Amino acid sequence: MTSPTITLDHLIQTRLAEIAEDAWRDHRVMPVKSGDGRVLELGTGAVPELWTCMADHGYGVCNEPLLMGHQASTLTGMYADDEPVPDPQIPPVEIELLDPSRGCFMPDVLFHFSDVVREYRKAQG
């Protein structure tokens, strides 16, 4: 009798699917399919859209791009360890994401693009 083989890739894909389902159920945010996202530019930086907010914050479906902490830091010109958006207008979404640099799933925060833009403009003076 042989036992079924489960690959590491399968485990990672399964966990990513679970995270996406949890994010939709709990926060009404969804991952953007590879190649379907917009390129978000701010100043001289640009990052790909990986998540979108579909929640209703009181004015209809948001449909705003969400940025991971390191993406927000990139666009605001901050160090990755600093909090890129200290006072967000729209509550950020706490989520667990795959961190390729560490090779594991880590907690992260998704910020609305409008909050990142506001923080960038505040830093520019």
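Provided above is the structure to which this section pertains.
**Q** Please clarify how the overall build of the protein chain should be interpreted in this entry.
**A** Scanning the protein chain for helices and strands turns up 3 helices and 7 strands. Overall, the protein chain shows an N-to-C arrangement of helices and strands of α-β-β-β-β-β-α-β-β-α. For the protein chain, buried positions account for 34% of its 125 residues. Here the contacts in the protein chain between residues at least 6 apart in sequence split such that 55% fall between residues at least 24 apart. Split by element, the accessible area of the protein chain, about 8300 Å² in all, is 53% carbon and sulfur. When the 9 positive and 20 negative side-chain charges of the protein chain are each reduced to one mean point, those points stand 4 Å apart.

**Q** What should I look at first to understand the sheet that holds strand β4 (residues 51–53) in this one?
**A** Strands pair in a sheet through their backbones, by hydrogen bonds, and they do so in one of two ways: parallel or antiparallel. With antiparallel pairing, the 5 strands of this open sheet are ordered in space as β1-β4-β5-β7-β6. In this open sheet, the two strands that pair with only one neighbour each are β1 (29–31) and β6 (93–99). Across the sheet, the mean angle from the axis of one strand to that of its neighbour is 40 degrees, orientation sign disregarded. Alignment of β6 against strand β7 (residues 104–112), held across 7 bridges, turns out to be antiparallel.

**Q** How should I be thinking about the environment of Thr52 in this particular structure?
**A** Mapping Thr52 onto the fold places it in strand β4. Under the relative-accessibility criterion, Thr52 is labelled buried at 9%. The spacing of Thr52 and Pro65 is 13 residues in sequence and 4.5 Å in space, taken between C-alpha atoms. In this view, Thr52 contacts Arg28, Val29, Met30, Val32, Asn63, Glu64 and Leu66; residues no more than four positions away in its chain are not counted. A distance of 2.7 Å separates a polar atom in the side chain of Thr52 from a polar atom in the side chain of Glu49.

Parameters at a glance
- Chains are numbered independently. Their residues run from 1 in the order of the written sequence.
- With the structure being a predicted model, the display of local features is reserved for residues of pLDDT at least 70 and the display and counting of side-chain atom pairs for 80 or more, all residues being used for whole-chain, interface and lining totals.
- Computation of side-chain values: all heavy atoms of the structure, hydrogens and water removed.
- Comment: elements are numbered from the N terminus, with helices defined as DSSP H or I runs of at least four residues and strands as E runs of at least two.
- Each residue gets one of three labels from its accessible area relative to the maximum for its type: buried under 20%, exposed over 50%, partly exposed in between, using a 1.4 Å probe on protein chains only.
- Here, two residues are considered to be in contact whenever any of their heavy atoms come within 4.5 Å of each other.
- Computed with the Shrake-Rupley method and a 1.4 Å probe, the accessible areas treat only the protein chains shown as cover for residues.
- Positive charges come from Lys and Arg, negative ones from Asp and Glu, while His and the chain ends are left out of the count.
- Every charge is mapped onto a representative atom, which is NZ of Lys, CZ of Arg, CG of Asp or CD of Glu.
- A strand pair is defined by DSSP finding two or more bridges across the two strands.
- Orientation is described by axes fitted as lines to C-alpha atoms, over the contacting stretch for helices, and by angles from 0 to 180 degrees between their N-to-C directions.
- Two N or O atoms count as a polar contact when they lie within 3.5 Å, although within protein this holds only if one can serve as hydrogen donor and the other as acceptor, and sequence-adjacent residues are included solely when both atoms are side-chain atoms.

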